[in-house]
Amino acid sequence: MVQAKKRQEQIEQIVVTAQQMREIEGRIFAAGMPVAALMEKVAKLIASRIQELCPSTNTRRVGVLVGPGHNGGDALVVARELHFQGYEVVVYRPISKLKELTSQHAQYADSLGILCYEQIEQLQDCDLIIDGLFGFGLGRTLEGPIASAINQLNGWSKLVISIDLPSGLHTDTGEVLGTAVRATRTFCLGLWKLAFLQDQALEYVGTAELIDFDVPLADIWAVLRTPKLKRVTKTAAIAYLPIPRAPVTHKYKQGHLLLICGSHKYGGGAILSGLGARASGVGMLSIAVPEYLKPLLLAELPEALIIGCPETETGAIASLPDIELASFSAIACGPGVTKDATSVVEKVLASDCPLVLDADGLNILAELGTIPTLSKRQATTVLTPHAGEFKRLFPDLGDPTKDRVQVVREASKLSGATILLKGARTAIANPSGSVWVVPESTPALARGGSGDVLTGLMGGLVAAASSKALPLEEVVQSAAWWHAQAGILASQERTELGVDAYTLTQYLMAVVREGVE
């Protein structure tokens, strides 16, 4: 049982490219696993899951899209199994030339009386569509009759389940190759493919689910060796939170965070990031804000040490009082400071303290020159940009909305910083080239102030980690997972429209409670 749970956790973390999956499958087949046997096993797992989700009592007619390769073969075995279970099954097969094994299954389906059509219109009255046109590895643009058929299908608003990957998506980048099936649910086969972690693929994959067909771990490690890309799982994220605490401890052993935030214009950013830091459990929290905001912060966070700072004419922090930055476990800077706080950002960048930089802290860094500025830092740095800030920080790299995994990896290598690229699938990279991706989130977090909460939360965790020598990038991915899960939990109870940033802070502890129970 323990070994099975350990394997399941490893499989949930692993992400592969199309080429890596080919190599892993090649090893399985070379070891003696017949292709036909694996196809039967996988398809029966899919058929069983479909029966759970869509019982025949509620699903009268099932349409199955069959392509020429083994993805089409999987689909035909699924069609056969559903037929045996009493479903009315019809097949759309637009390509007559099939791989040998797929052709054999097509012949058998014909012998069973399963109707096969070359026009998608014959499937319009189906209750469920199963997409088995193209699996992983598609590299060409879909066009002509097949593209037209997919577009027609997408216009029907049907329940659609894709096998392995929605037909038309690039396996690695998630790019739409001309057109693609918009699935309601996708069964990813064996191991998670990279496309499932790319923002641009999400509106096509629907609800993603892994169908584990027992890929031998030895074959996975033989191909991947040291994995450089992982999904952040609940188990991994909880493991790097500062819990449980030692029976004998004190506040400074739990980290001391200096949070630099706020201005007259963005006073709320200071409060929200402070509340995020509070939730982290950091032992001591100091918050530097313009003098004007000090009473507001004292009222909201009475346990924190509030440091009033001189102000610029625009109400930003003009300078930090005479405090020893090296005395803090970590510094988080940026929420609400405005670009008038340039001298403050320069000072923290020059410090020897671990630093989390966000919002206008990032914009100021971009103006100073990201790579030359960070090359002078001796301490660790975490940057937390959204796509727009990323482009300003790294204008010579690719579009982060395309292949976000590749660009965040390259940016981290160039800058020497750990970088958290925000998005529907937040990606975290360290300078050694490793990337972690948070595999789920919610559009409820697309609200002003959500990022401020993350900065405070992360700053507190980094401060606590510094006193416990925990790996920085693991702590950062734990913060990102925690933040996303709080948004998901809040949206489940309050809907996606009801999750403002202040409300988000109220759900952070519920996530931890569920995680450790």
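Residues numbered from 1 in each chain as written. Predicted model: local features only at pLDDT ≥ 70, side-chain atom pairs only at ≥ 80, totals over all residues. Heavy atoms only, no water.

Right, let's get into the sheet that holds strand β10 (residues 229-231). Across the sheet, which stays open at both edges, the 10 strands sit in the order β10-β19-β18-β17-β16-β15-β14-β11-β12-β13 with mixed pairing between neighbours. Whereas interior strands pair on both sides, the edge strands pair on one side only; in this sheet they are β10 and β13 (305-309). Adjacent strand axes in the sheet meet at a mean angle of 15° when their direction is disregarded. Of the pairings in the sheet, the one linking β10 to strand β19 (residues 435-437) comprises 3 bridges and is parallel in character. Paired with Leu-229 across the two strands is Val-435, which belongs to β19. Taken strand by strand, helix α12 (residues 342-349) contacts β11 (256-260), β14 (330-333) and β15 (355-357), and its axis lies near 145° from that of β15. (Pairing = 2+ DSSP bridges. Helix = DSSP H or I, 4+ residues; strand = E, 2+ residues; numbered from the N terminus. Axes fitted to C-alpha atoms, helices over the stretch in contact; angles between N-to-C directions. Contact = heavy atoms within 4.5 Å.)

This part is about the packing of helix α2 (residues 18-30) against helix α8 (residues 217-224). For the pair α2 and α8, interaxial distance at closest approach is 9 Å and the crossing angle is 135°. The angle between α2 and α8 falls in the class oblique. For the element pair α2 and α8, the recorded crossing hand is right-handed. Side by side, α2 and α8 meet where Gln-20, Glu-23, Ile-24, Arg-27 and Ile-28 of the first sit next to Asp-219, Ile-220, Ala-222, Val-223 and Leu-224 of the second. Here the residues of the contact of α2 with α8 sort into 6 nonpolar, 1 polar and 3 charged. (Parallel < 35°, antiparallel > 145°, perpendicular 65-115°, else oblique. Left-handed = near helix turned anticlockwise from the far one by under 90°. Nonpolar A, V, L, I, M, F, W, Y, C, P; charged D, E, K, R; others polar.)

With that settled, the discussion passes to the pairing of strand β5 (residues 128-132). Counted residue by residue, β5 has 5 buried out of 5 residues, so it is predominantly covered. Alternating residues of β5 divide into Leu-128, Ile-130 and Gly-132 and Ile-129 and Asp-131, and every residue in both groups is buried. Sheet topology places strand β2 (residues 61-66) next to β5; 5 bridges connect them, and they run parallel. Pairing of Leu-65 across the sheet is with Asp-131, part of β5. Inspection of the sheet shows β5 paired to strand β6 (residues 159-163) by 4 bridges, in the parallel sense. Counted as the bridge partner of Leu-128 is Leu-159 from β6. Note on the crossover from β5 through helix α6 (residues 144-154) to β6: the handedness is right-handed. (Buried < 20%, exposed > 50% of the residue type's maximum accessible area, 1.4 Å probe, protein only. Right-handed = clockwise from strand over helix to strand, strands pointing away.)

It is worth spelling out the pattern of salt bridges at this point. One pass over the full model with this rule turns up 20 salt bridges. With a closest N to O distance of 2.4 Å, Glu-209 and Arg-49 form a salt bridge. A residue pair is termed long-range when its members are at least 10 positions apart, and Glu-209 in strand β9 (residues 207-211) and Arg-49 in helix α3 (residues 35-53) qualify at 160 residues. Between Lys-391 and Asp-399 there is a salt bridge, with the nearest N and O atoms lying 3.9 Å from each other. (Salt bridge = Lys/Arg side-chain N within 4 Å of Asp/Glu carboxyl O.)

Next up on the list: the environment of Pro-290. Its place among the elements puts Pro-290 in strand β12 (residues 284-290). In this structure, the C-alpha to C-alpha distance between Pro-290 and Ile-260, residues 30 residues apart in sequence, is 9.5 Å. Leaving out residues up to four positions away in the same chain, Pro-290 has contacts with Cys-261, Gly-262, Ser-263, Cys-309, Glu-311, Gly-315, Ala-316 and Ile-317.

The 7 strands lie next to each other as β4-β3-β2-β5-β6-β7-β9, forming an open sheet whose pairing is parallel. In the strand order of this sheet, the two ends are held by β4 (115-117) and β9, each with one partner. Between one strand and the next, the sheet's axes are offset by a mean angle of 20°, whatever the strand orientation. Packed on one face of the sheet, α6 meets β2, β3 (88-92), β5 and β6 and runs near 140° to β3.

Turning our eyes to something else, we now look at α8. Where α8 is concerned, the buried positions are Asp-219, Ile-220, Val-223 and Leu-224. Take α8 and look down its axis: the buried residues cluster within an arc of 115°, on one side only. Against α1 (2-13), β1 (15-16) and α2 lie the buried residues of α8. One or two steps after α8, the chain reaches Arg-225, where phi turns positive at roughly 55°. (Arc of directions from axis to C-beta.)

All right, on to the side chain of Asn-363 then. With respect to the helices, strands and loops of the structure, Asn-363 is situated in helix α13 (residues 360-368). For Asn-363, a relative accessible area of 12% puts it in the buried group. At 3.0 Å, the side chain of Asn-363 and the side chain of Asp-360 are in polar contact. Not counting the four nearest positions on each side in its chain, Asn-363 is found in contact with Lys-339, Glu-389 and Arg-392. (Polar contact = N/O pair within 3.5 Å; in protein donor to acceptor, adjacent residues only side chain to side chain.)

Let us now look at the nonpolar core. What tends to happen in soluble globular proteins is that the nonpolar side chains get buried as a cluster. If you look at the biggest cluster of nonpolar residues, it comprises 99 residues, and the most contacted ones within it are Ile-260 and Leu-383. Sorting elements by how many residues they give to this core places α3 first, with 7 residues. Filtering out sequence-adjacent residues up to four positions away, Leu-383 remains in contact with Leu-357, Leu-362, Leu-365, Leu-374, Leu-393, Phe-394, Ala-417, Thr-418, Ile-419 and Leu-420. One finds Ala-237, Ala-480, Ala-501 and Val-512 within the second-largest nonpolar core, a separate group that totals 59 residues. (Core = buried A, V, L, I, M, F, W, Y, C linked by side-chain atoms within 4.5 Å.)

Here we come to the pairing of β2. Residues in a regular strand point their side chains to alternate faces of the sheet. Summarising burial for β2: 6 of the 6 residues are buried, a large majority. Neither face of β2 is exposed, since Arg-61, Gly-63 and Leu-65 on one face and Val-62, Val-64 and Val-66 on the opposite face are all buried. Bridge count for β2 against β3 is 5 bridges, and the pairing is parallel. Across the sheet, Gly-63 pairs through a bridge with Val-90, a residue of β3. In this fold, the crossover linking β2 to β3 by way of helix α4 (residues 70-84) has right-handed handedness.

For Glu-209, a relative accessible area of 16% puts it in the buried group. The contact partners of Glu-209, leaving out residues within four places of it in the chain, are Arg-49, Arg-185, Thr-186, Phe-187, Cys-188 and Trp-192.

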